[in-house]
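Chain and residue survey
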Amino acid sequence: MRLDKLSIVNYRNIGAADLTLSAGVNCLVGENGAGKTNILDAIYYLSFCKSLSGLTDSLNIRHEEPFFVVQGTYDAPSGREEVYCGFKRGQKKQFKRNKKEYQRLSDHIGLLPLVVISPADEALISESAEARRKYADGVISQCDKTYMESLMAHNRLLTQRNILLKQMAASERPDLGLLDVYDQQIAHHGNIISAKRREFVEWLKPVVTNLYNQISNGHEDVGMAYATCLDRYDLYGGLVEARPRDLILGYTSRGVQKDDIEITMDGYQIKRVGSQGQRKSFVIALKLAQYHYLTERKATRPLLLLDDVFDKLDSSRGDRLIAMMASDDFGQTFITDTDMARLKDVLGKVGKDYKIFIVDRGKATEADPQDTQTRQ
């Protein structure tokens, strides 16, 4: 898959940008705060109907402006695709594919597969299990509509059950029959979610290990395991057993919303023993494994967005990552960096067609090839 043209108006700090892109590598160079990451965020938005940062749509509008627009023209497996998103303050967002507006934004997910590697991915190691669950859910949902529908239904039912628990706690005659209906449905969808997550992690484990060894030169032994409540109890039975406690707490204390993906290095939690370079190497391996997972299931190579990816990697790990990028396994790639010299070095080693865009104070302009001649 390929993004040929990108148009941005008033998105984050980008006032206006019209970029004709390379099918190989596209480099966004500029100082911190210039807007490089915001351009990647706009590309992400076109794939997922939302910002990578998690900001609400109104906060993605450039200061004092009334609206934002992001448009992309793609060469995709489904053919030529034109995707448009526009949002005005106080109005509903418009999201269109080939000039036809979506009735459900969830129908768009998976059409334009994409993998992004950014500094924020450190949360996959350092933060709570929720970050790792969201990671797995986001990847699987790009490939499996049934999974996405079960996930959405489960989350909706869980919210409704928690509301019911609070109401029942204040009632002299709680409606246990209605609670049982929720528990049966939550268990049904939870079993689907758990099985798919386990299958996903089992697929990832050998691929992540191989990629990590390529980046780190095999210096550490990394591992992954899916820790699910279903290893300890039947989900429906567990929900029934926990009802008295849940009524006191006012929320659901058991279920797949508590599951985790455990990540280890040499048998210990990587967040406790891993250096910055080791943790970043693992995150990169995890995201590149995601790239291969999507490639296999979508029968196309996703877009690959690398935001400040060479920071905190020593030169040897960086060189091994560049060697991987130079292979035919990866398609169109976007890279941000503050260092033009470092990017020139990367481009020389990758050996693919490229374009360099200078990003400065919310504007992006294509650099003159004569000024960015790559060393061979």
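Conventions used here
- Residue positions within a chain follow its written sequence, with the count starting from 1.
- For a predicted model such as this one, the threshold for reporting local features is a pLDDT of at least 70, and the threshold for listing and counting side-chain atom pairs is 80 or more; totals across whole chains, interfaces and linings nevertheless cover every residue.
- Where side-chain values are given, they derive from all heavy atoms of the structure, hydrogens and water being excluded.
- Think of it this way: any DSSP run of H or I at least four residues long counts as a helix, any run of E at least two long counts as a strand, and we number them from the N terminus.
- With C-alpha atoms as the basis for the radius of gyration, the globule rule is written as 2.2 Å multiplied by the number of residues raised to the power 0.38.
- Throughout, exposure labels follow a simple rule: accessible area from a 1.4 Å probe, protein chains only, divided by the maximum for the residue type, with under 20% read as buried, over 50% as exposed, and the rest as partly exposed.
- Contact criterion: two residues are considered in contact whenever any of their non-hydrogen atoms come within 4.5 Å of each other.
- The method behind every accessible area is Shrake-Rupley, applied with a 1.4 Å probe, and residues are considered shielded solely by the protein chains displayed.
- One requirement defines pairing of two strands: DSSP has to find at least two bridges between them.
- A residue's pLDDT is the predictor's confidence in that residue, given on a scale from 0 to 100.
- To get an axis, fit a line to the C-alpha atoms, keeping to the stretch in contact for a helix; angles then go from 0 to 180 degrees between the N-to-C directions.
- The labels follow the angle: roughly parallel below 35 degrees, roughly antiparallel above 145, roughly perpendicular from 65 to 115, and oblique for the rest.
- Classification used: nonpolar for Ala, Val, Leu, Ile, Met, Phe, Trp, Tyr, Cys and Pro, charged for Asp, Glu, Lys and Arg, polar for all others including Gly.
- Nonpolar core, defined: a set of buried Ala, Val, Leu, Ile, Met, Phe, Trp, Tyr and Cys residues in which side-chain atoms within 4.5 Å join the residues together.

Each helix and strand in the chain was counted, giving 11 helices and 15 strands. Compactness check: the chain gives a C-alpha radius of gyration of 23 Å against a globular reference of 21 Å for 376 residues, within 12% of the reference. Dimensions along the principal axes, computed over C-alpha positions, put the chain at roughly 80 × 55 × 35 Å. Looking at the 376 residues of the chain, the share that counts as buried comes to 52%. When contacts within the chain are restricted to residue pairs at least 6 apart in sequence, long-range pairs at least 24 apart make up 71% of them. Element-wise, carbon and sulfur atoms account for 48% of the exposed surface of the chain, whose accessible area totals about 17700 Å².

So, about the sheet that holds strand 9 (residues 222-227). Sheet strands associate in pairs through backbone hydrogen bonding, adopting either a parallel or an antiparallel arrangement. Reading across from one edge, 9-10-11 is the order of the 3 strands in this open sheet, with antiparallel pairing throughout. Edge positions in the open sheet fall to strand 9 and strand 11 (268-269), since each of these has one partner strand only. One ladder, built from 6 bridges, connects strand 9 with strand 10 (residues 260-265); its direction is antiparallel. Following the sheet pairing, Val-222 is matched in strand 10 by Met-265.

Averaged over the chain, the pLDDT score is 91; the fraction of residues at 70 or greater is 98%. Per-element confidence in the chain is highest for strand 1 (residues 2-11), whose mean pLDDT is 97, and lowest for helix 10 (residues 315-325), whose mean pLDDT is 77.

Moving on, we come to the pairing of strand 15 (residues 363-366). When strand 14 (residues 354-360) meets strand 15, the two strands line up antiparallel, connected through 4 bridges. Each residue of the ladder has a partner; that of Val-359, found in strand 15, is Ala-364. With antiparallel pairing between neighbouring strands as the criterion, strand 14 and strand 15 make up a hairpin whose turn holds 2 residues, including Arg-361 at a positive phi of roughly 50°.

At their nearest, the axes of helix 5 (residues 176-216) and helix 10 sit 7 Å apart, and the two run at 125° to each other. If you check the angle between helix 5 and helix 10, you find them oblique. Counted together, Leu-211, Tyr-212, Gln-214, Ile-215 and Ser-216 of helix 5 and Arg-317, Arg-320 and Met-324 of helix 10 form the full contact between these two elements. A breakdown of the residues in the contact of helix 5 with helix 10 according to their chemical character gives 4 nonpolar, 2 polar and 2 charged.

Here we take up the pairing of strand 6 (residues 94-97). A regular strand places its side chains on the two faces of the sheet in alternate fashion. Where strand 5 (residues 79-88) meets strand 6, 4 bridges bridge the pair, whose relative direction is antiparallel. Residue pairing for strand 6: Tyr-84 is matched across the bridge by Lys-96. Taken together, strand 5 and the strand that follows it, strand 6, pair antiparallel across an intervening segment of 5 residues, in which Gly-90 is found at a positive phi of about 80°. Bridge analysis of strand 6 against strand 7 (residues 100-101) gives 2 bridges, and the strand direction is antiparallel. Opposite Arg-97, over in strand 7, you have Lys-100 as the bridge partner.

Further remarks concern the nonpolar core. Ranked by size, the top nonpolar core spans 70 residues in total, and within it Phe-200, Leu-204, Phe-282 and Leu-288 carry the most contacts. It is helix 5 that contributes the most residues to this core, 13 residues altogether. Discounting chain neighbours no more than four positions away, the residues touching Phe-200 are Tyr-135, Ala-136, Val-139, Ile-140 and Tyr-293. Within the second largest apolar cluster, 42 residues are counted, among which are Leu-3, Ala-17, Phe-48 and Leu-114.

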